[in-house]
Amino acid sequence: MSNNYRIAIYLRLSRDDGNEESQSIQSQREMLNDYVQRQGWQVFEEYSDDGYSGTNFNRPDFQRMLNDIESGKINMVITKDLSRLGRNYIQVGYYTEEYFPEKGVRYIAVNDGYDSIDEDGNDFVPLRNFMNEWYAKDTSKKIRSILNQKAKNGEPRKTSVPIYGYAFNDKNERIPDSETASVVRLIYTKFIETGSVKKVAIFLTENKYPTPAYHNAIKYKYDRKKILALPEDKLYSWNVSTVREILKKDEYLGVYRTAQTKSINFKNKRRFDNKDCYVFENRYEPLVDKDTWYLAQSLLKTSKGSSIGVDDNIFKGLVYCMDCEKSMRVRREKNYSGEYVYSFSCHHKDCLGSNYILMNVLEKVVARELLMLKEIILSQRDRFIDFAFMYEPDSKRYTLDLNKELSVLEAREKEVDEFMDNLIIQNTKGLIPQSTLKNLLDKHRKEKNAIDKEILTIKQRIKDEENKPTSKQKVEELLNILEAATEDNILKAGVVQKLIRRIYVKSTKVHPKSREREIDITIVYSTYDEIIKGFITNE
Ligand SMILES: [Zn+2]
């Protein structure tokens with residue numbers, strides 16, 4: 001029986017299908033040929049309308065196919081889905097319901113699982129349901145691809161409530177909110193001062209800062225009824241998790257995320273994971289500078305589950321095990337005379353070491369180390385400044401190079417545009433055949449896309465470079481901290497946390513039975529770690 005089938009595969013693509021690769025003529029062709037082969041059939045003829053809308057049937061190859069059906073050449077039609085046949089529900093219905101059956105043509109829409117043979121008999125209702133779903137599916141797919149394009153480009157999207165600290169301008173872009181931006185900054189400052197999320201929450205509550213929920217209820221009428229029904233003190237009562245959320249948001253660095261919409265399907269709208277996001281850095285004015293934000297992150301990591309703040313532990317978030325490179329946990333115990341003793345130890349399951357250090361020992365080592373650093377650097381101030389500048393790639397020159405690269409790319413893009421315009425003109429004059437035009441346009445569109453991408457990357461790099469503090473600022477800041485440091489204040493949390501990024505600790509018992517330990521400590525400095533070390537070893 002299969003030998004009696006003279007199969008037409010029908011392909012169609014139009015601009016309203018979006019630019020999804022899966023819809024391309026080539027992929028329709030491959031898919032249908034594969035399908036036909038797997039049925040043990042053969043394709044008799046291919047019909048293909050590239051660039052024709054599905055809303056009507058005035059398409060050259062569709063008409064040619066109808067002619068071939070009329071003359072009995074074709075008795076089976078296969079398309080990828082119903083919408084390849086057409087997008088007009090009633091007209092498509094005419095072909096599937098009347099015309100094909102009347103001509104004895106079997107029709108299959110592969111992706112929709114539609115086969116006219118299965119539909120024989122009382123087929124109208126299921127088909128109709130099917131069509132409805134197909135319609136909904138197709139529309140949502142279309143909307144999805146538009147949304148996805150917007151997300152990919154990082155287009156601003158208005159949400160019912162902006163991220164706390166920001167407001168929307170009339171273009172739906174994030175701008176600092178006049179009332180709450182300063183509260184966000186305050187939260188970061190207070191947290192770095194105290195190292196305790198809880199203390200920040202207490203501070204905000206005591207000083208009667210309106211909670212984000214209250215702010216949103218007033219300004220955006222968000223959950224208004226529910227929030228305003230709360231007792232008054234609740235409107236100013238900050239909890240730890242709210243503060244923690246704010247401290248974790250990299251949106252305050254100007255980062256913008258747009259969701260990829262691929263995970264939405266039209267029946268089931270679920271929220272997205274992080275990996276479904278497009279991330280744009282420096283998209284908006286940051287509320288917090290990078291150093292502060294990263295410092296907060298490292299403090300957050302250790303403040304979880306530990307109530308010991310920077311007041312009691314100036315090394316909060318800084319101490320790492322030299323063996324497993326994970327953070328060491330701080331512990332507080334009372335000694336025999338009832339005083340608190342703090343220590344760091346590594347508790348990680350897979351760690352082979354047994355590294356341990358008393359906090360007061362670490363304090364002595366670090367103080368000695370920092371004072372020595374101060375001595376070395378300040379005694380040769382000018383040499384250090386020269387050394388630092390020499391070491392750092394000249395940021396300005398780098399930016400200049402980037403700008404040069406950018407103008408070359410922009411010029412090339414202009415060329416490509418002009419070339420394509422010219423092609424089209426020549427084609428209308430009949431100087432280039434349609435197929436050549438199409439090939440050349442495809443090729444140059446690809447190049448244009450590649451150039452666009454590169455331009456975006458370079459623009460981003462230039463922006464990054466502009467946002468970096470200059471070497472001069474960084475060196476000056478370092479020198480200022482060192483100058484202000486004395487034997488008495490060098491162990492203040494502010495100094496230690498600003499100067500040091502990490503401290504790696506290794507301790508080995510001198511004898512298995514002895515309590516004496518040999519201690520090895522490596523300090524990683526926050527700014528200029530390499531330069532500082534290079535300078536010291538150059539001594
Ligand atoms: Zn360890």
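Keep in mind that this is a model prediction, so the values were computed, not measured.

A. How the structure looks around the pairing of strand E11 (residues 329-334). With six bridges connecting them, E11 and strand E12 (residues 340-345) associate as antiparallel partners. Bridge pairing in E12 links Glu333 to Val341. Counting the residues in the hairpin turn of E11 and E12 gives five residues, including Gly338, whose phi is positive at 85°.

B. Quick peek at the confidence of the model for the protein. Averaged over all residues, the pLDDT of the protein is 79; the fraction at 70 or higher stands at 82%. Per-residue pLDDT stays below 50 along residues 261-274; that stretch engages in 16 contacts with residues further than four places along the chain or on separate chains.

C. Focus on unusual backbone geometry. Not every positive phi belongs to a glycine, and Asn172 is a case in point at roughly 65°. Within the secondary structure, Asn172 is located in the loop between strand E6 (166-168) and strand E7 (174-176). The backbone phi angle of Asp223 is positive, close to 55°, even though this residue is not glycine.

D. Region of the structure containing the sheet that holds E12. Within the open sheet, the three strands sit side by side as E11-E12-E13. Their pairing is antiparallel. Of all the strands in the sheet, just E11 and strand E13 (356-358) have a single pairing partner and so form its edges. Pairwise comparison of adjacent strand axes, ignoring direction, gives a mean angle of 30° for this sheet. Contacts between helix H12 (residues 359-379) and the sheet are confined to E12 and E13, with E13 contributing the most and set at about 80° to the helix.

E. Just the sheet that holds strand E5 (residues 114-115), in detail. Strand order in the open sheet formed by five strands is E2-E1-E3-E4-E5, with mixed pairing between adjacent strands. The open sheet has two edge strands, strand E2 (43-50) and E5, and neither has a second partner. Sheet strands in contact with helix H1 (residues 25-38) are strand E1 (7-13), E2 and strand E3 (76-79), and its direction is about 155° off that of E1. Along the sheet, helix H2 (residues 60-70) makes contact with E1 and E2, crossing E2 at roughly 150°.

F. Focus on the nonpolar core. Counting residues in each nonpolar core, the largest one holds 32 residues, and the members touching the most others are Phe315, Val319, Met328, Phe344, Ile503 and Val505. Secondary structure elements with two or more residues in this core: strand E10 (319-321), E13, H12, helix H13 (381-391), helix H16 (471-484), helix H17 (493-499), strand E14 (500-509) and helix H18 (529-538). Considering every element that reaches this core, the biggest residue donor is H12, with six residues. Within the second largest apolar cluster, 23 residues are counted, among which are Ile78, Tyr107, Ile108 and Tyr114.

G. Molecular detail of the pairing of E14. Both E10 and E14 contribute to a ladder of three bridges, which runs parallel. Residue pairing for E14: Cys321 is matched across the bridge by Val505. The sheet contact formed by E14 and strand E15 (residues 517-525) spans nine bridges and is antiparallel. Along E15, the bridge assignment pairs Tyr504 with Thr522.

H. Structural view of the packing of helix H6 (residues 181-194) against helix H10 (residues 240-248). Where H6 contacts H10, the axes come no closer than 10 Å and their chain directions differ by 95°. Considering the angle they form, H6 stands roughly perpendicular to H10. Side by side, H6 and H10 meet where Val184, Ile187, Tyr188 and Phe191 of the first sit next to Val243, Ile246 and Leu247 of the second. For the contact of H6 with H10, the residue count by class is seven nonpolar, no polar and no charged.

Criteria and thresholds
Residues numbered from 1 in each chain as written. Predicted model: local features only at pLDDT ≥ 70, side-chain atom pairs only at ≥ 80, totals over all residues. Pairing = 2+ DSSP bridges. Helix = DSSP H or I, 4+ residues; strand = E, 2+ residues; numbered from the N terminus. pLDDT = per-residue confidence, 0-100. Contact = placed C-beta atoms within 7 Å. Axes fitted to C-alpha atoms, helices over the stretch in contact; angles between N-to-C directions. Core = buried A, V, L, I, M, F, W, Y, C linked by C-beta atoms within 7 Å. Buried ≥ 20, exposed ≤ 12 C-beta atoms within 10 Å, placed from the backbone. Parallel < 35°, antiparallel > 145°, perpendicular 65-115°, else oblique. Nonpolar A, V, L, I, M, F, W, Y, C, P; charged D, E, K, R; others polar.

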